[in-house]
Amino acid sequence: ASSPVPSYSHFIIVSRFSTGLCQHLEVGQALEYGYVTYRATWNDYNGTNIMIGMLAQNYEVKIVVTYTDINYKEDVNDSGL
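Each chain carries its own residue numbering, running from 1 in the written order of its sequence. In view of the model being predicted, local features appear only for residues whose pLDDT reaches at least 70, and side-chain atom pairs are presented and counted only at 80 or more, with totals across whole chains, interfaces and linings using the full set of residues. Excluding hydrogens and water, the side-chain figures rest on all heavy atoms present in the structure.

Draft legend 1. A look at the pattern of salt bridges. Any carboxyl oxygen of Asp or Glu that lies within 4 Å of a side-chain nitrogen of Lys or Arg is treated as forming a salt bridge with it. One pass over the full model with this rule turns up one salt bridge. Between Glu-60 and Lys-62 there is a salt bridge, with the nearest N and O atoms lying 3.5 Å from each other. Only protein chains enter the accessibility calculation, which uses a 1.4 Å probe. A residue is then buried if its area is under 20% of the maximum for its type, exposed if over 50%, and partly exposed in between. A relative accessible area of 48% means that Glu-60 is categorised as partly exposed.

Right under this line is the structure:
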């Protein structure tokens, strides 16, 4: 049996405004007001990347998930429907 491929991950908090503004808010409020965004990524050495992020636009929190695999081959005969 082969051993699992090692992976690595990153978690980033991006402050979009002065940290002075953010320090007086609860974590959820800073996200809701759009002062911060969060992003976490996981990568393995075979070319698979997963990213999840949280951000807010117009006081609505959005969650974004992306998955990419460099080994994926698109089926040219698939119409996508």
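Draft legend 2. Highlighting the environment of Thr-41. A run of H or I in DSSP becomes a helix once it reaches four residues, and a run of E becomes a strand once it reaches two; helices and strands are each numbered from the N terminus. By secondary structure assignment, the location of Thr-41 is in strand E2 (residues 36-44). Thr-41 sits 32 residues away from Ser-9 along the chain, and the two C-alpha atoms are 5.4 Å apart.

Draft legend 3. Expanded view of the side chain of Asn-43. Its location among the elements puts Asn-43 in strand E2. Here a polar contact means two N or O atoms within 3.5 Å. Within protein one must be a hydrogen donor candidate and the other an acceptor candidate, and residues neighboring in sequence count only if both atoms are side-chain atoms. A polar contact of 2.3 Å, which involves the side chain of Asn-43, links it to the side chain of Asn-49.

Draft legend 4. Region of the structure containing the pairing of strand E3 (residues 48-57). One ladder, built from six bridges, connects E2 with E3; its direction is antiparallel. Bridged to Thr-41 within E3 is Met-51. At least two bridges found by DSSP between two strands is the condition for calling them paired. What sits between E2 and E3 in their antiparallel hairpin is a turn of three residues, with Gly-47 showing a positive phi close to 105 degrees. Inspection of the sheet shows E3 paired to strand E4 (residues 60-69) by 10 bridges, in the antiparallel sense.

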